[in-house]
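Residues per chain, in single letters:
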Amino acid sequence: KILANPPPALLADFARELAAIHAVPLSALPTLPETSAASLLAEMKERFIGFGGDRPVMALAFKWLEDHLPTPVKPVLLHGDFRMGNIMADANGLAAVLDWELAHLGDRHQDLAFGCINSWRFGYIDRPAFGVGQLEEYWIAYERESGVTVESERFQWWLVYSTLWWGVCCLQMADIWRSGLDAGLERAVIGRRASETEVDLLMLLEEDAPERERGPIA
């Protein structure tokens, strides 16, 4: 319902709210896990191997992420799951941010990119910023609110990472269903969405492929 007719202020509200979250003094927080691109990638790769490690597109994405690992940055508070589905909106814009159980310390670009993966746009693939608007508009609003420049290459790394992360989560859902731990239909349905993330990863990684390998398949 939100994406069918987004409030005009919603994307700017997202930028403002993320800037506010990222500006919370670390001294005001309880103890939270501190992460880095390298630590999160290593942890996710271990999970992937545990689920069989037999998805070639995902393996390719892991290789790309390892080859393009961003340099460490000063950590800030991250929501960890900031996306459509975890917010409430009214006619005026953003009303509430929900589901804080994945909050941690890390690279602000992880939060900035996470909600922009294709899976969280729910079909509105022509609006790369949360399914609401365009990335340039989103970045300008965030930079205005935070005073921090969005780094496009770092954002792209976290976009690939987040897409792959959701793909590995789908593998986990399938494993839970297959093992009988939860025989509910939802686990099976989400599990088969791993293939969607593989298409998304190929689309993202194509930008880095040799020229002769890009473009329509004859």
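Residues numbered from 1 in each chain as written. Predicted model: local features only at pLDDT ≥ 70, side-chain atom pairs only at ≥ 80, totals over all residues. Heavy atoms only, no water.

### As for the overall build of the chain
Going by this rule: Helix numbering and strand numbering both begin at the N terminus, where a helix is a DSSP run of H or I of at least 4 residues and a strand a DSSP run of E of at least 2. The globule rule used for comparison is 2.2 Å times the number of residues to the exponent 0.38, while the radius of gyration itself is calculated over C-alpha atoms.
Check the secondary structure of the chain and you find eight helices and four strands. Moving toward the C terminus, one meets the helices and strands of the chain in the order α-α-α-β-β-β-β-α-α-α-α-α. Against the compact-globule benchmark of 17 Å for 218 residues, the chain has a radius of gyration of 18 Å, which places it among compact chains. With respect to the principal axes defined by its C-alpha atoms, the chain has extents near 45 × 45 × 40 Å.

### Considerations on the nonpolar core
Most often, soluble globular proteins have nonpolar side chains that are buried together. Note the cut-off: Side-chain atoms within 4.5 Å link the members of a nonpolar core, which is a set of buried Ala, Val, Leu, Ile, Met, Phe, Trp, Tyr and Cys residues. To sort residues, take the accessible area from a 1.4 Å probe on protein chains only and compare it with the maximum for the residue type: under 20% means buried, over 50% means exposed, and anything in between is partly exposed. Note on contacts: a residue pair is in contact if any heavy atoms of the two residues lie within 4.5 Å.
Formed by 59 residues in total, the largest nonpolar core has its most connected members in Phe14, Phe130, Tyr138, Phe155, Tyr161 and Leu164. Taken together, the elements giving at least two residues each to this core come down to helix H1 (10-22), helix H2 (37-50), helix H3 (56-67), strand E3 (93-97), helix H4 (108-114), helix H5 (135-146), helix H6 (152-179) and helix H8 (194-205). Among the elements that make up this core, the one with the highest residue count is H6 (14 residues). Those residues within four positions of Leu164 in sequence are excluded, and the remaining contacts are Met44, Met58, Ala61, Phe62, Leu65 and Leu201.

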